[in-house]
Every structure is written in C-alpha cells, then in structure tokens.
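# Reading the structure
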Amino acid sequence: MKLLTGNDLKTGFVTWWTGADWSLHIEDAADVGEAGEAILAVEEAARRVNAPYIIAGEQTADGPRPAHIKDRIRALGPTVRPDLTLKPADPAAGDWVI
Amino acid sequence: MVEHLQADGEEPCVTLDAFLDQSNATAVRLESDEDARALIPFLDRLKLIEVAFPKFRDGRGYSSARILREAGYSGELRAQGDVLVDQIGYLKRCGFDSFAPEKDLNPADVEAALTRWPEHYQGAADGAVPIWKLRHG
Amino acid sequence: MYKYDEYDQQMVDARVAEFADQVKRRLAGEITEDQFKPLRLMNGLYLQLHAYMLRVAVPYGTLDGRQMRMLAHIARKYDRDYGHFTTRQNIQYNWIKLEDAPAILADLASVEMHAIQTSGNCIRNISSDQWAGAAADELTDPRPWAELLRQWSSFHPEFSYLPRKFKIAVIAAEEDRAAMRLHDIGIQIVEKDGVHGAAFYVGGGMGRTPMIAPLIKDFVPLDDLLSYTEACLRVYNRYGRRDNIYKARIKILIHELGADEYRRQVEEEFAHVKSLGIDPPKAEFDRIAAQFAMPPLEASASDKVDRTDPDFAVWVDQNVAAHKVPGHAIVNISLKPLGGIPGDASSAQIDLMADLAERYSHDELRVTHAQNIVLPHVRKADLFAIWQALDAADLATPNLDLISDIIACPGLDYCSLANARSIPVAQKIAQRFADPARQRDLGELKLKISGCINACGHHHAGHIGILGVDRKGTENYQLLLGGSGAEDVSLGTITGPGFDEDGIVDAIERVTDKYLSERTDGERFVDTYRRVGMAPFKEAIYG
C-alpha cells in the first residue's frame, strides 16, 4: 500500500492522509494507491500539510505499517524514549517499530 | 535605490565572451561560473554589469559583485535571476544596486528588507561603517 | 565571557524580527517551503524526523547561569522538558513548533543568545577548546579570536550562500581538545619569536570523505586573521563545487586543487583583501579580550581535597582536571549516565548545572564537543559539595574519556538523515562495560557512533568508531579502529564486514579483550592499536 505523509506546517507534527483529512495517527492512514501525487499537490498548496511525500507500507491487523524502519520510528516516536511516543503506555509499541 | 525592471531602450547585455571579443558594448552579463576579474581592465567602459543567479542557492554572484566594486566599478550592478526578497539586503551590501528577479518582488517586502538592519558587523561593498568602527571611531 | 553591547543586541533583535516576519509569510503562504527552507535553516530550524528541530548556538561552547536557565526554560515551555548537547557545542530541541519559533528566538535574544547560522550553507558556530581560559597548557585564551570570528561571520553578505556548510575551530594549545584538524578551517594560536600568530589548517572534515586539514599557512599575523579568513572563504565561495552536494565542502576543493594551489590562490586574494581595511583595530580585539580575563579566583585557595568518600575520590580522579590557578580545578560533568541518552539533559538537570555554575564556577559553563558540560573555575574546596549535588541529579558518572563516555549522534531515533539507530547501540555498549573498575582498567578509550555517513557522531575520529548503515533495509553497524580527533589526529580504519546491534557490542568486547592482552605499560587502546596494527584485532573480531 502507499501512504501519504507529511508534517503539520504550524506544529511540525507528523501527519498521515486519511482519505479525507490529516491525522496524527498512522492507524487512520489510507492507501492512496496511485493518486498520492495529485492529493499531495493540492494539500501542500492549501498548506494543510508541509513537505508531504509518499511511502510504502503494508496493511496489517494493527493497521498500516510502513515498510521502512525509519518511517515506523517517525510514525510512533523515538524508540529510546517511549514516554515521548504516541503510545507511551503500550509496551508492545516498540516491537511494532522494530 | 532599487530598480526592478530593464528600462526601454536600454542596451541589452552581451555575454562575457562576446564582450571580450567586441570593443563597444557597455552592458555585459556575467554567468555564475564566470570570472568577474576578467572585466577589470574594462570597468570604465561599462555602464551595466548583470550578474546571474541561476538558483538562489548559488552564491557566487555575491563574490563577483564585491570584486567588481572593489576594483572600482561605479556603474549599475544588477542581480538577475532567482533572487528572493530575503537576499536583497546581502545583495545590496555586496554592491548590487538593481535587481531583476524572475518572480516579481513585493515592494513593501523589499523596503522592509532594505531597512531591517540598523548596523553591520563587517565592511562590505556598500560603504556601511562596520560596528567595530562605530565602537572605536 | 563576552557580553553584548548595544550593537550586538540590536543585531540579534533585528534577526528575531526578520525571522518572525519570514514565519508569518510562510504561514500565510506568501513563500513556499522551498523558499523558506534556507531562511529557517539560517536560524537553525530543521524539519526533522518527528517535528521541527531547533539548534541553538552556544558560541565556542561558553555560557553563563542565566543563559543555561533560559535553555531549561525553553525545554520546559516549548519542548518536551529536555535538550540535547551536540558535537559542535550547541544544544538542540527536537519538538519545536514553527509557530513558537519567533517567541523562542525572542526569549533567547533576551539573554544574549540566538540560533543564527547554526544550519545552512553559511559559516556555522565557531567552536573552541572547552577548557579555554582555565587549562594550564594554553598559550592564551583562544576565545577572543573565536568571538571576533563570530561577529565577522554573522550575517556576512558574501558568504551566506556558500557551496556548503562551513565550520571553524580555534584553539591555543598543543593539545587539541576541539578536533581542530577535522574542521573546514582549524586555527591554532601559536608563538614565533615571542609573537603570537595563527596557524591555519584548511580542508578538514568528516562525512563521506573524511580528511585531515593540511597546514595552509603556519603563521598568519593576528592583525591579518580576519582578512586571511576572508580570503580563504572567498576562494571557496568562488570555486567550491556546486554540482554535487557530496563534493561541495572545502576539503574537496583543496583535495582537487592540491594544498599548494589553494594556498597560492588564497595568498593572491589575501593580498587584495588586506587592502580593503576589513581587519578591526587592536582596540576592538582588546575590548573583546578584556571580557575573557580570568575571573577573580581566590588567591590562596586550598589545594587539599578530602578523598575519604571513595565514590567522590573516583569521580575526582576521572572527571576533575587541573586548573592553571592553584587551589582550583576544572569539573567535567558527564552527560553519559548508564542507561541515559548521550548528551541529553533534562530541564531540571540544566537548571541544576546553572545553579552550580553561579555558585561555584564564577557563573560560567562550557559545552564540549564530546557532549558533556564543564564548570571551568571551581575551588578544590568546593569539589565535594559540587559532586554531591551532581550525584543527586545523575550527573556524576565518573567516566570522562572512558569507554562509556560515548559520543553518539541522535541517529535514526531522531534524525531523518540516519540509516540506523545509534543511541540503543551506545546504551548496550555502556551496559556491557558497566563495571566502573573495568572501564578504568581499559582507560582512555574514545568511542564514537554515527547513525549515517554524515558523521555527526565523529566516528572517523574515534579510537573505536561505529558507523550505522542500511543493509538491505536492516540496520547494520561497521566498526572502525584507530581514529583520533586530538593532536594525534588520524582517521579510523574499517575492520571488515559489519554487525547487527548485538554483534557490534560483542565485537567491541573482543577488541577490548585483545587490547588488554597486547598492551604494554601505559599504552592507551589507540596506542596499542597503532603499535600492533589492525591484523591482530581483525583476527580477534572475526576469528
């Protein structure tokens, strides 16, 4: 699957295209298929996202999972500071990254 | 003083190679990878030197401008190309007195850029008195 | 230390206003990200893996208690309650919002701080010896020259769009505590016939193509320092490569021209530049230098240290260095506690260090390129009280220059350029070698980890270096031996095939075991390696 991601312009938060909107949570990310570039251009021009780009991922039982570890770390947060991630209370979250 | 557009009737710039070949042009264009010092023997004949900025990241034109002013060039020195308003201040300090940006600049932004800095740390080509001189007279 | 006058304050205030305006225009869509990027980079603001990252300048690593408290305040108010001290003596915050950046810069400006030119293709923070002004071996305090260079390089109109970033270091001792030879320009203040001058080393760097800076000029009169630097930069700006970002540093230009030809071009340019009158008069240098005078240290401070407490004694032996003034010492605060993140400090820890500086170190601190903190001017009589306060805050790890005093870049946990995580590797190594007695037995062993070839962890300059790479989508680690960023400068050599995260820890243990079996009296690890060569170590690692 192809995931469209970027950062919120004002806050810098990592965001994921849900199909209709931008979410902080990768679980909400939609498969943009081949339409990613077109969506990206519109959203960037409207400043609803900053520095967007498309990554590869796969659909899993837990939701979309980026193919590359860098994108998984980006989706969740630093592996060395679980308290600063999006899932500070979830001990299994680190396994999802690695 | 900042001028944005090439005035009607102004002599077009010849390339450096053409200028060095021909004797009577008064306007020359220097590409970003060309040596400004090649013009030094001819500065008193030139009314306009246009320095190219093909990409705003290409900062060679700043050196070219200062070199020309340091050599005594007193004609119009124009920055042409990918010139952003946020570079206007540095360009002027390096000796540019006219600008031909690819994309039009907002005059209010240009004015703000030119009046932003009360003083400067270092001497350059604009004759501004550097801070160390203000400190010690 | 240097205090701003009205001119310096005006400049940072104008910069704050300029950036606030640029942010406003970006948020309003008047400029694109592509146009905004170089502007925000010149104010130290990156778009990084998790959010915007702000790199605040700590000029030549020197700051006072008030400034340190502001760094803690920024961490608390705008970030996630901690900061990361870097290998260029700066501090980074990883969770900054663009909309807060103007306010942050205004807060910094209120205490004479800024984030000017901490990124971008311009002249970056001038770095220096973290023991400047306190070490007995220095010829003079190098920092007035660093301050002169800082002002000269700030908002320099000709050199703000260089082919690539430009890093300058200034030292004034034979012992190189600032990795000077691995900078674009390394300046060593030297003495010749009773006169001080500057030796210029130009063209060092790490990254993809590490190079040790060759000596370009052995003695530049100090009156010519800025003109000569200007000439070096102008030749680079005009002729540095702009076709390939991996070949755009000055080290490539000098490598391709040859040092002799580069020198010739600089001399030619210098002869011209010198006539422009850009060098400030001695009065300006004196004005700056006066602010770096030794603080009023107690004249007859006691040289005695009560070593009754064994943990305190261990810390004194490892982390406290000699001061040029009797009865005083240089305290090195390790930011590499077991289980911690190298170079990170919480806002509470930063506040504590500010307090200690004000109370015990004449209100001065230093940031080191090894990501530690220094209290440069303490009385020996105060060492115990300082240690107790540090110990209570997990800041008293007695591991300066030992194997667990690891330099590590943030790596893939924080950096979008990285190929592999560096921090977990650092933590695993520190855990493997946790026994303090074992560390002391191994002695001085500078281990440096980079998460990618950009080498922000200085792995080429590690006695043991580790480079994280991406091997078919998996993190992999290459091992290097024999580098050094000190005056015995050398670049590390790769041992052979790489390892996974657990494998690299095992490999390092085999390396250190081999060292212990080979070393002769007094040899550091790197000395043994240089004597016996790679072969025995390679054999030990790979069998």
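In the annotation of an unreviewed UniProt entry, chain A is listed under the name DUF2849 domain-containing protein and assigned to Sphingopyxis bauzanensis.

### Here's the deal with the overall build of chain C
Looking only at helices and strands, one finds 17 helices and 20 strands in chain C. Taken over the C-alpha atoms alone, chain C extends approximately 60 × 60 × 60 Å along its principal axes. Buried positions account for 59% of the 543 residues belonging to chain C. Long-range pairs, those at least 24 residues apart, make up 67% of the contacts in chain C between residues at least 6 apart in sequence.

### Details of the overall build of chain A
When its secondary structure is counted, chain A shows three helices and five strands. Mapped from its N terminus to its C terminus, chain A presents α and β elements in the order β-β-β-α-β-β-α-α. At 13 Å, chain A has a C-alpha radius of gyration in line with the 13 Å of a compact globule built from 98 residues. Projected onto its principal axes, the C-alpha positions of chain A cover 40 × 30 × 20 Å.

### Side note on the sheet that holds strand 6 (residues 127-128) of chain C
Backbone-to-backbone hydrogen bonds join strands into a sheet, with any given pair of strands oriented parallel or antiparallel. Residues and elements named next belong to chain C. If you trace the five strands from one edge of the open sheet to the other, you get 6-7-8-9-10, paired in mixed fashion. In this open sheet, the two strands that pair with only one neighbour each are strand 6 and strand 10 (215-221). As paired strands, strand 6 and strand 7 (residues 168-171) are joined by two bridges and run parallel to one another. Opposite Ser 127, over in strand 7, you have Ala 169 as the bridge partner.

### Focus: the interface of chain C and chain A
On the side of chain A, 20 residues touch chain C, which itself brings 22 residues to the contact. Taken together, the residues that form the side of chain C that touches chain A break down as 12 nonpolar, three polar and seven charged.

### Focus on the arrangement of the chains
By contact count, the leading pair among the two pairs of chains in contact is chains B and C. Looking at chain A next to chain B, you find no contact at all, with the nearest C-alpha pair sitting 18 Å apart.

### Some details on the packing of helix 1 (residues 6-27) of chain C against helix 4 (residues 101-109) of chain C
Residue and element names in this part refer to chain C. The interhelical angle for the contact between helix 1 and helix 4, taken along N-to-C directions, is 175 degrees, at an axis separation of 9 Å. Here helix 4 runs roughly antiparallel to helix 1, going by the angle between their axes. Every residue of helix 4 that contacts helix 1 at Val 12, Asp 13, Val 16, Phe 19, Ala 20 and Val 23 is listed here: Ala 101, Pro 102, Leu 105, Ala 106 and Ala 109.

### A few points about the pairing of strand 9 (residues 195-202) of chain C
All names here are of chain C. Judged from the eight bridges that link them, strand 8 (residues 185-192) and strand 9 form a sheet pairing that is antiparallel. Directly across from Ile 187, in strand 9, lies its bridge partner Phe 200. Taken together, the four bridges between strand 9 and strand 10 define a ladder with antiparallel strand orientation. Each bridged residue has a counterpart across the sheet, and for Tyr 201 the counterpart in strand 10 is Leu 215.

### Here's the deal with the domain arrangement of chain C
All names here are of chain C. Entries for chain C in the domain assignment read domain 1 (6-109), domain 2 (142-289), domain 3 (310-392) and domain 4 (407-542). Placing the centre of domain 3 and that of domain 4 at their C-alpha centroids yields a distance of 26 Å. Contacts between the two partners involve seven residues from domain 3 and, on the opposite side, nine residues from domain 4. Among the residues forming the side of domain 3 that touches domain 4, the class breakdown is five nonpolar, two polar and no charged.

### Some points on unusual backbone geometry
Residue and element names in this part refer to chain C. Positive phi values are uncommon outside glycine, yet Asp 394 reaches one of about 60 degrees. Looking at the element boundaries, Asp 394 is found in the loop between helix 12 (383-392) and strand 16 (407-408). Accessibility expressed as a C-beta count within 10 Å gives 16 for Asp 394, which makes it partly exposed. Positive phi is not limited to glycine here, since Lys 472 has a value of about 50 degrees. As for its placement among the helices and strands, Lys 472 is situated in the loop between strand 18 (464-471) and strand 19 (474-481).

### Overview of the sheet that holds strand 5 (residues 98-101) of chain B
Residues and elements named next belong to chain B. Taken in spatial order, the five strands make up an open sheet running 1-2-3-4-5, and their pairing is parallel. Two strands lie at the open edges of the sheet, namely strand 1 (14-15) and strand 5, each paired on one side alone. In this structure, strand 3 (residues 48-53) lies alongside strand 4 (residues 76-81), joined through six bridges in parallel fashion. Looking at strand 4, one finds that Ala 52 is bridged to Gln 80.

### Re the nonpolar core
C:Leu54 and C:Met353 are the most contacted members of the largest nonpolar core, which totals 225 residues. With residues up to four places along the chain from it excluded, the contact list for C:Leu54 reads C:Gly44, C:Leu45, C:Gln92, C:Tyr93, C:Ile96, C:Ala101, C:Ile104 and C:Ala115.

### Focus: the interface of chain B and chain C
Listed by partner, the interface residues are 28 residues for chain B and 33 residues for chain C. Every element with two or more residues in the side of chain B that touches chain C is listed here: helix 2 (60-70), helix 3 (88-93) and helix 5 (131-136) of chain B. Looking at the side of chain B that touches chain C, its residues break down into 12 nonpolar, six polar and 10 charged.

### A look at the pairing of strand 5 of chain B
All names here are of chain B. Bridging between strand 4 and strand 5 involves four bridges; their strand directions are parallel. Across the sheet, residue Arg 78 finds its bridge partner in strand 5, namely Ser 98. Of the crossover connections in this fold, the one passing from strand 4 over helix 3 to the parallel strand 5 is right-handed.

### With respect to helix 2 (residues 33-41) of chain C
Residues and elements named next belong to chain C. Those residues of helix 2 that sit buried are Phe 36, Leu 39 and Arg 40. What you see down the axis of helix 2 is that its buried residues fit within an arc of 95 degrees, all on one side. On its buried face, helix 2 is in contact with helix 1 and strand 1 (45-47).

### Considering the environment of B:Thr115
On the secondary structure map, B:Thr115 appears in helix 4 (residues 107-115). Residues B:Thr115 and B:Gly89 lie 26 residues apart in sequence; the distance between their C-alpha atoms is 8.4 Å.

### Concerning the environment of C:Leu54
All names here are of chain C. Residue placement: Leu 54 occurs in strand 2 (residues 52-56). Owing to 31 C-beta atoms within 10 Å, Leu 54 belongs among the buried residues under this scheme. For the pair Leu 54 and Asn 90, spaced 36 residues apart in the sequence, the C-alpha separation amounts to 10 Å.

### So, the confidence of the model for chain C
Averaged over every residue, the pLDDT of chain C is 97; residues scoring 70 or more account for 100%. Among the prediction metrics, the complex's ipTM stands at 0.97, with pTM recorded as 0.97.

### Topic: the environment of A:Lys87
All names here are of chain A. Along the chain, Lys 87 falls in the loop between helix 2 (69-76) and helix 3 (93-97). The exposure class of Lys 87 is partly exposed, given the 14 C-beta atoms found within 10 Å. Put simply, Lys 87 and Arg 74 are 13 residues apart on the chain and 13 Å apart in space, counted from C-alpha to C-alpha. Filtering out sequence-adjacent residues up to four positions away, Lys 87 remains in contact with Leu 76 and Ala 93.

Cut-offs applied
- Residues numbered from 1 in each chain as written.
- Chains lettered and ligands numbered in written order.
- Predicted model: local features only at pLDDT ≥ 70, side-chain atom pairs only at ≥ 80, totals over all residues.
- Helix = DSSP H or I, 4+ residues; strand = E, 2+ residues; numbered from the N terminus.
- Buried ≥ 20, exposed ≤ 12 C-beta atoms within 10 Å, placed from the backbone.
- Contact = placed C-beta atoms within 7 Å.
- Rg over C-alpha atoms; globule rule 2.2 N^0.38 Å.
- Pairing = 2+ DSSP bridges.
- Nonpolar A, V, L, I, M, F, W, Y, C, P; charged D, E, K, R; others polar.
- Axes fitted to C-alpha atoms, helices over the stretch in contact; angles between N-to-C directions.
- Parallel < 35°, antiparallel > 145°, perpendicular 65-115°, else oblique.
- Domains from an automatic or database assignment.
- Core = buried A, V, L, I, M, F, W, Y, C linked by C-beta atoms within 7 Å.
- Right-handed = clockwise from strand over helix to strand, strands pointing away.
- Arc of directions from axis to C-beta.
- pLDDT = per-residue confidence, 0-100.

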